[in-house]
Amino acid sequence: MVAEALTSDAVHLAAGGVGVVVALAAVYLVDRPSDDWTRAPRSRLLLGVPWGTLLVIAGVIGVYLFVQSGIENPNRPVVIPFRSWSYFYPEGLVWSSFAHAGRGHLTGNLLSALVAGGLAEYAYGHFPDGREVDRGDGLVVRLRRLLSRPRQLPSRLRRLPRRVREVLSRIAAVESPAESPYVRAFLIVPGAAVAFGLLSALFALGPVIGFSVVVFGYWGFALVSRPVAAVVAMAGTTLVGVLYDALRVPVAFAEASPSYGVPGWANVAIQGHALGLIGGALVAVVLLRRRAREQPDEGRGAGSDADPDATAGRWRYHPLSTAVGDDGSRADATERSALLVFGALLLFGASRRLWALYWYLGNERYELYRAVGVGLLALLAAVVAVAAVSRDEPLWPTRAVPEPETLRGGIRSATPATVGLLLLVGALAAVAGPAVVPNLVAVDDGDLPGDPIEVEGYQVTYAEDVEDQLVGVVDVEAFGRSTSVNTSGVIVSDPDREIWTTAVSKGNLAFWGYRAVDVGGTGWRETVWVQRVGWVAANGGPTYRVDAVRNETRRTLYVSDPAQAEPQIDGRNISVAAVEGGFEIRVTHENATVTIPLPEEGTTLEAQGVSIVRGGDRVYAQRGETRVRIAQRERYEGRQ
């Protein structure tokens, strides 16, 4: 009984919860005299809550459950139709930035979005200039108030219509709707995230899926506006993930087991992530500089003795040195220096594998250019730092024109801030540009190999060493590498949806033995099960067939070449061959071949004077006193 209690999830949750509560209480008692923990977020956010981020997260969960049919199978949503395949397939473009490939993919992105989005929303602010808030009541008073709220619920519900009218009147009272904290929290912030996701899908290279491009946009915004807090938040993302796992699975049991997968860095959508990071950083730079120009003139400059003429005109504003801190003070540029922004971007990029620049060689082979990737990451971090922190002071003061009217005058009056902003825009264009041409190319509507299964326009088949039409959609050759590569595995195609992909690789199917291929659309799904069945000849390799099963109907999609066993019996060669619907044994002697079906369990068949005996998962050949094993059933590591 004690052993059962020790392994109970509830007991472990209670023990862990007590530890966390005790730790927080101890820290609170020590820190209480200095300030209220919630005062800073309440000064910039409604009730101190990032409502916009929470709304977006709820929307993404809704897409997973109802659009991708994740509510039917949370671990296996429909994925294929919700990737950004082409400009000619709008449904994929609309959903790709908000759909996910699985529950782990969804959970990771949303936990990161909660941290990064909350920090970015705090930097943007429902009250961008902050507001005065009280220090709050003590902990005991708050607990009493919390316990009394259930009794106040009826009266609160009666007052709800009046509160709604008050909120609407406050929104109408402001000069600009964008200045209302309610509009900023519930319209601007989630609207910007949705617009960012839709826009980024237009420039995604390849069939990208996932909310990560918006998450990286959050991080880009946070790293520029709050670099130190963003670096701390990176560790906070790990903490949030650990807390989530602890709540979901308090006690876990594990053992050593084989696994199959491509290198971790090959699963990184580096172009989409870089696109989101640069886009978020660009928005932050523009917003900070706009706020710097809108600040009142009091308090600008390095000090009271500063020469007013030295900072006159359009060069007087610096987004960071003139920013108002949370305590009302003006932050000096050294608090957010170029080195600080550069270091934050570099740390973030290294931790999120933005250095993973690679080339796909075909058939699950990759070539990683790590050194070049690190160099490009450093250059990107430098460009963001220059754009974010540089002052609006002309590079050539003696040649500068305060209000240039010509291109030549603009060049002579260029500032480091302008140069940095142009470089950042150029980096965004360099990352986004290569995606335009592939998205304009239509998929070849030619016939697929074999006898494909057809489902509402989709075709599902299996083939080996065929041209990969996804990678080779645009023929590019550079540095001895080419996009013309081959692929092997389960292929799904739908020319009307501009889809052509290797849904399950040959190696993946050989590892697991069977895989599910889900096709469909918004709110519907169909599943085709693909199974590999094979026999391995003794020292001769495997022979196998690949079947598709749909609605309890089995069809053979592919059969491999026969495999010859190494042992001979009295000059007779024996081979195992996969055929449609089954397997055969072929015995060759003196240029004559006799073919018989693979014997059933516990039976014996004769061919060319050799007895073929089936015993369990093994097949033996026997002649006289000689008996050798010629084949055994293929095993799949993922199912052992």
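Cut-offs used in this document
Residues numbered from 1 in each chain as written. Predicted model: local features only at pLDDT ≥ 70, side-chain atom pairs only at ≥ 80, totals over all residues. Heavy atoms only, no water. Buried < 20%, exposed > 50% of the residue type's maximum accessible area, 1.4 Å probe, protein only. Helix = DSSP H or I, 4+ residues; strand = E, 2+ residues; numbered from the N terminus. Pairing = 2+ DSSP bridges. pLDDT = per-residue confidence, 0-100. Contact = heavy atoms within 4.5 Å. Axes fitted to C-alpha atoms, helices over the stretch in contact; angles between N-to-C directions. Parallel < 35°, antiparallel > 145°, perpendicular 65-115°, else oblique. Left-handed = near helix turned anticlockwise from the far one by under 90°. Nonpolar A, V, L, I, M, F, W, Y, C, P; charged D, E, K, R; others polar. Expected span 1.5 Å × (residues − 1). Bend = angle between axes of the 7 residues up to and from the residue. Patch = residues over 30% accessible without salt bridge, like charges linked within 9 Å, V, L, I, M, F, W, Y side chains within 5 Å. Areas by Shrake-Rupley, 256 points an atom, 1.4 Å probe, with all protein chains shown as cover. Salt bridge = Lys/Arg side-chain N within 4 Å of Asp/Glu carboxyl O.

Visitor: Can you break down the pairing of strand 14 (residues 573–579) residue by residue, with the values?
Guide: For a regular strand, side-chain orientation follows a simple rule: the groups alternate between the two sheet faces. Among the 7 residues that make up strand 14, 5 are buried, leaving the element largely enclosed by the rest of the structure. Where strand 13 (residues 563–564) lies against strand 14, 2 bridges are found, and the strand directions are antiparallel. Along strand 14, the bridge assignment pairs Ala563 with Val576. Examined bridge by bridge, strand 14 and strand 15 (residues 582–589) share 7 bridges and lie antiparallel to one another. Bridge assignment links Ala578 to a residue of strand 15, and that residue is Phe583. A loop of 2 residues connects strand 14 with strand 15, the two strands running antiparallel in sequence, and Gly581 in this loop sits at a positive phi of about 85°.

Visitor: I'd like a rundown of the sheet that holds strand 16 (residues 592–597), residues and numbers included.
Guide: Within a sheet, neighbouring strands are paired by backbone hydrogen bonds and run either parallel or antiparallel to one another. Taken in spatial order, the 4 strands line up as 13-14-15-16 in an open sheet, and their pairing is antiparallel. Both edges of this open sheet fall to strand 13 and strand 16, since each of them pairs with a single strand only.

Visitor: Which residues make up the confidence of the model for the protein chain, and what values do they have?
Guide: In the predicted model, the protein chain carries a mean pLDDT of 83, and the fraction of residues at 70 or more is 80%. For the protein chain, the element scoring lowest by mean pLDDT is helix 1 (residues 2–6), at 55; helix 4 (residues 51–67) scores highest, at 95. This stretch, residues 298–318, has a pLDDT under 50; its non-local contacts, to residues over four places away or in other chains, come to 33 contacts.

Visitor: Pulling in residues and values, what's your account of the packing of helix 6 (residues 103–124) against helix 9 (residues 212–225)?
Guide: Two elements in contact, helix 6 and helix 9, have axes whose closest approach is 8 Å; the angle formed by their N-to-C orientations is 40°. One element, helix 6, and the other, helix 9, form an angle in the oblique class. Our pair here, helix 6 against helix 9, has a crossing hand that is left-handed. The residues of helix 9 that touch helix 6, namely those facing Asn109, Ser112, Ala113, Val115, Ala116, Gly117, Leu119, Ala120, Ala123 and Tyr124, are Ser212, Val215, Tyr218, Trp219, Phe221, Ala222 and Ser225. For the contact of helix 6 with helix 9, the class distribution of residues is 12 nonpolar, 5 polar and no charged.

Visitor: So what's going on with helix 8 (residues 181–201)? Which residues, and what values?
Guide: In a regular helix each residue adds 1.5 Å, so 21 residues correspond to 30 Å; helix 8 covers 29 Å between its end C-alpha atoms and thus fits that length. The largest bend along helix 8 measures about 30° and falls at Ile188, with the proline Pro190 one to four residues further on. Every buried residue of helix 8 is listed here: Pro181, Val183, Arg184, Ala185, Val189, Pro190, Ala193, Gly197, Ser200 and Ala201.

Visitor: Residues and numbers for a nonpolar patch on the surface, please.
Guide: On the surface, Leu357, Val372, Leu376 and Leu379 cluster together into a nonpolar patch covering about 350 Å² of accessible area. Its location among the elements puts Leu357 in the loop between helix 12 (338–351) and strand 1 (358–362). Classification of Leu357 as partly exposed rests on a relative accessible area of 30%.

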